[in-house]
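Geometric and topological summary
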Amino acid sequence: MTQTIAPRFRTLVLLLLAAACALLAGAGPASAHAALTGSDPQQGAVVDRAPAQVALTFSESVSVDDDSLRVLDPKGKRVDDGSPSGTGGTTYSVKLHTGLPDGTYTVTYQVVSADSHPVAGAYTFSVGAPSDTSVSASVQEAGGGFVGALYGFGRYVSYAGFAVLVGGAAFVLACWPRGSGVRVVQRVVVSGWLALTAATLMLLLLRGSYTGSGKAGDIVDLNLLGEVLQTKTGAALVSRLLLLAAAALFVAVLFGAYDKREDEEKRDLTFGLAVGGAVVASGLAATWAMSEHASVGLQAGLAMPADIVHLLAVATWFGGLTALLVALYRGPADTPVPAVAVRRFSRVAFGSVVALVVTGTYQSWRQLGSWTAFTETRYGQLLLVKIGLVAVLVGIAYLSRRWTAQLAGAASPGVVRQREQGEKHEKGQKGEKAEKERVGASSGRGNQKAKGSEKATGSGKAAASGKATGGSKGSGGAKGAGTGAKGTGAGAKAGGKGAGGGKGAGSANGSGGSQRAAQLARQRAAVDAARQKRQRDADPNRFGLRRSVLAEAGVAVVLLAVTTVLTQTEPGRTEQEAKATGASSATTPAPSTGAVTLDMPFDTGSQNGKGVVRVELDPARVGANEMHLYVERPDGTAFDLPEVKVALTQEAKDIGPLPVAPDHITTGHWSASGVQIPIGGDWEVSVTVRTSDIDQVTVSKNAQIG
């Protein structure tokens, strides 16, 4: 049966790995987790005169460098002046050369979102009238190509290594302490540590090229690596490497000093290892939580601890499942996984599932924001696939619990058989020991008689020597020597030779018996081990448990691949906000001469708390201006709010905030006339939106006032 199961096991593992690789290969480049929600000038806009700067607004804060924002004229020549800079909130701008001629200009951007993913795109606007341009508005997707594929694979390996390392160690400490001495379990945990360490180093080297040019040659650029180390993601990866050094010490103690302790001593050491391991595991999980999705957006202070708990629950379940699977299939016959260990892991896995459901529900609400996002966004669709796989995994786990109960019920007869086999093995060892002692005693008697022969020969009594030598029948060598002496008549000489020959032959006979006994002992041990393994594999309950655990592990491999793709996908909430802003911009007519239009998405976090507020300022010049505010839902319908407030601030001159109280005109429309702007320059327009008695948010965007 074992010979049949092993090829199936290898085949199934290869098929599951192939499925995971196919998922990762089809994931494509990482989606932008920060979406472009506004621009000034707007996409496709035609303005009468060249703007002094180009400003882009994103759904969250981003990181920019010297080449993050570029503006190209119709011939493809750069016309931006200086480095991009933040102008307040999530708006970033770059100044333009003065006196730009009429024509179509292309704006390209490549930034890194706050959750560590690259964002790239391009659009055009025109001065005076549209013209032909040699610049293509399509840009290479950020995070794509060969480097992007390698980076995605590294992320998958890092998640898998973390799960195997943490979950395998937790399985040993909480479920099967004696498993610390099982070689295959040790290899599983150490392999997890090696995989996570190697993947972290690979991600650190790939990071600069992944968020930049995407060229393989930049992987070994030390200057680029230095820039990566100064970013939030680089600091998280370095912190992970330092924590892995502490994890290596933990693993060494777990499989070293802990394994050598007796059961009573292990209980004292288990508590210390559990506390230390929990601290290290939480720190490793925090390196993801503090640099990715959980660190930005709504309720980041609550989302990061929830994400840490989510990662630890996943690792405990998946990693423990891997350790159990390997122990069931590859564990030694003399140290089978006991039913009590499987029962303990079943309880641990149930607790992990509860934690996953609670934290996963919260994360789903936070990243989606609406039921429609489940079907209308790629993030929601992947999340539905993940939920389905988790449901399948829980169903298989229920079958495993049933097999565990049956295995525990049938454990008593198995224990009796193992005890009887142990007694037989012990009797066999005692018989071998008695045989060795008998052979050794016989050899000793022959040697003593041979020495007596030598002594008689030395005193000059040849006849006595011959008699003594002939009487040394304790060993074959001594007897032969005596016969030779009697035939030749050289008593003294023959006696001496006979004694020496008896001694050598006795030693050889004893040594040969000892080697033969050891060989027989090894053969009997191998036969016993093979018999125990056959009996173990023939147990239908254990066989059923092995198959159900294998099925669990297979689904877990695919589920981990889906989770990896999910972390590289734009959250549904952000995607819907970007679509709403794009639709609003598309339906907004081009502003009149000198007018400024600002679109600002908002989300107060409450029911019906999402929408877009559009501010129109005309003529956007020094002196009196007319302001209009329009509030729309994500689907474009107008709706009213309990309160809307506006403030104007110019930080460069330390002016403001200047409050503006617009009057309600009609549904979703407010207006204010005679809004005084004292001087020209870059002004921040802040809008405070209140959707209920306690839910409000302030959004802002910068506008150039002439």
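Residues numbered from 1 in each chain as written. Predicted model: local features only at pLDDT ≥ 70, side-chain atom pairs only at ≥ 80, totals over all residues. Heavy atoms only, no water.

Here we come to the packing of helix 2 (residues 145–174) against helix 5 (residues 232–254). When two helices pack together, their arrangement is captured by the angle between the axes and the distance separating the axes. Two elements in contact, helix 2 and helix 5, have axes whose closest approach is 12 Å; the angle formed by their N-to-C orientations is 30 degrees. On the basis of the axis angle, helix 2 is roughly parallel to helix 5. Helix-helix and strand crossings are classified by hand; for helix 2 and helix 5 the assignment is left-handed. Here Tyr151, Ser158, Leu165, Ala169, Val172 and Leu173 of helix 2 come into contact with helix 5, specifically with Thr233, Arg240, Leu244, Ala247, Phe250, Val251 and Leu254. (Axes fitted to C-alpha atoms, helices over the stretch in contact; angles between N-to-C directions. Helix = DSSP H or I, 4+ residues; strand = E, 2+ residues; numbered from the N terminus. Parallel < 35°, antiparallel > 145°, perpendicular 65-115°, else oblique. Left-handed = near helix turned anticlockwise from the far one by under 90°. Contact = heavy atoms within 4.5 Å.)

Here four strands make up an open sheet; going across it, the order is 14-13-17-18 and the pairing antiparallel. Bordering the open sheet on either side are strand 14 (655–660) and strand 18 (696–705), each of which pairs with just one other strand. Going across the sheet, the axis of each strand differs from the next one's by a mean of 20 degrees, ignoring polarity. Pairing analysis gives seven bridges linking strand 13 (residues 643–650) to strand 17 (residues 681–690), with the strands arranged antiparallel. (Pairing = 2+ DSSP bridges.)

The next point concerns the packing of aromatic side chains. Enumeration according to the criterion identifies eleven aromatic pairs in this entry. Plain terms: the ring middles of phenylalanine 162 and tryptophan 288 are 5.2 Å apart, the flat faces sit at 65 degrees to each other, and that makes the pair edge-to-face. With a gap of 126 residues between them, phenylalanine 162 in helix 2 and tryptophan 288 in helix 7 (residues 263–289) connect regions that are remote in the sequence. Judged by its relative accessible area of 3%, phenylalanine 162 is buried. (Phe/Tyr/Trp six-rings, centres within 6.5 Å; stacked < 30°, edge-to-face > 60°. Buried < 20%, exposed > 50% of the residue type's maximum accessible area, 1.4 Å probe, protein only.)

Moving on, we get to the sheet that holds strand 10 (residues 596–603). The five strands are arranged 10-11-12-16-15 in an open sheet whose pairing can be described as antiparallel. Of all strands in the sheet, those bounded by a partner on one side alone are strand 10 and strand 15 (663–666). This sheet shows a mean twist of 25 degrees between the axes of neighbouring strands, independent of strand direction. The sheet contact formed by strand 12 (residues 623–632) and strand 16 (residues 669–677) spans seven bridges and is antiparallel. Paired with glycine 623 across the strands is isoleucine 677, a residue of strand 16.

With that settled, the discussion passes to the pattern of salt bridges. A side chain with one charge may pair with a side chain of the opposite charge, provided their charged atoms come close. Inspection of the entire model under this criterion finds six salt bridges. Its salt-bridge partner being arginine 690, residue glutamate 643 comes within 3.0 Å of it at the nearest N-O pair. Placement of glutamate 643 in strand 13 and of arginine 690 in strand 17 is noted, with a sequence separation of 47 residues between them. Its relative accessible area of 28% is what places glutamate 643 among the partly exposed residues. (Salt bridge = Lys/Arg side-chain N within 4 Å of Asp/Glu carboxyl O.)

Turning to helix 5, a few remarks are in order. Its 23 residues place the ends of helix 5 32 Å apart at the C-alpha level, agreeing with the 33 Å of an ideal helix rising 1.5 Å per residue. Considered for burial, the residues of helix 5 that qualify are Thr233, Gly234, Ala236, Leu237, Arg240, Leu244, Ala247, Phe250, Val251 and Leu254. Next to the buried residues of helix 5 lie helix 2, helix 3 (183–211), helix 4 (222–229), helix 6 (257–260) and helix 7. (Expected span 1.5 Å × (residues − 1).)

Where nonpolar side chains cluster on the molecular surface, the patch consists of Phe271, Val275 and Val279 and spans about 320 Å² of accessible area. On the secondary structure map, valine 275 appears in helix 7. (Patch = residues over 30% accessible without salt bridge, like charges linked within 9 Å, V, L, I, M, F, W, Y side chains within 5 Å. Areas by Shrake-Rupley, 256 points an atom, 1.4 Å probe, with all protein chains shown as cover.)

Turning to the packing of helix 2 against helix 7, a few remarks are in order. Contact pair helix 2 / helix 7: the axes reach a minimum separation of 11 Å and the direction vectors enclose 165 degrees. Classified by the interaxial angle, the pair formed by helix 2 and helix 7 is roughly antiparallel. Relative to helix 7, the crossing made by helix 2 is left-handed. The segment helix 2 lies against helix 7, with Ser158, Tyr159, Phe162, Leu165, Val166 and Leu173 engaging Thr270, Leu273, Ala274, Ala281, Leu284, Ala285 and Trp288. Taken together, the residues that form the contact of helix 2 with helix 7 break down as eleven nonpolar, two polar and no charged. (Nonpolar A, V, L, I, M, F, W, Y, C, P; charged D, E, K, R; others polar.)

The values are spatial; any link to function lies outside them.
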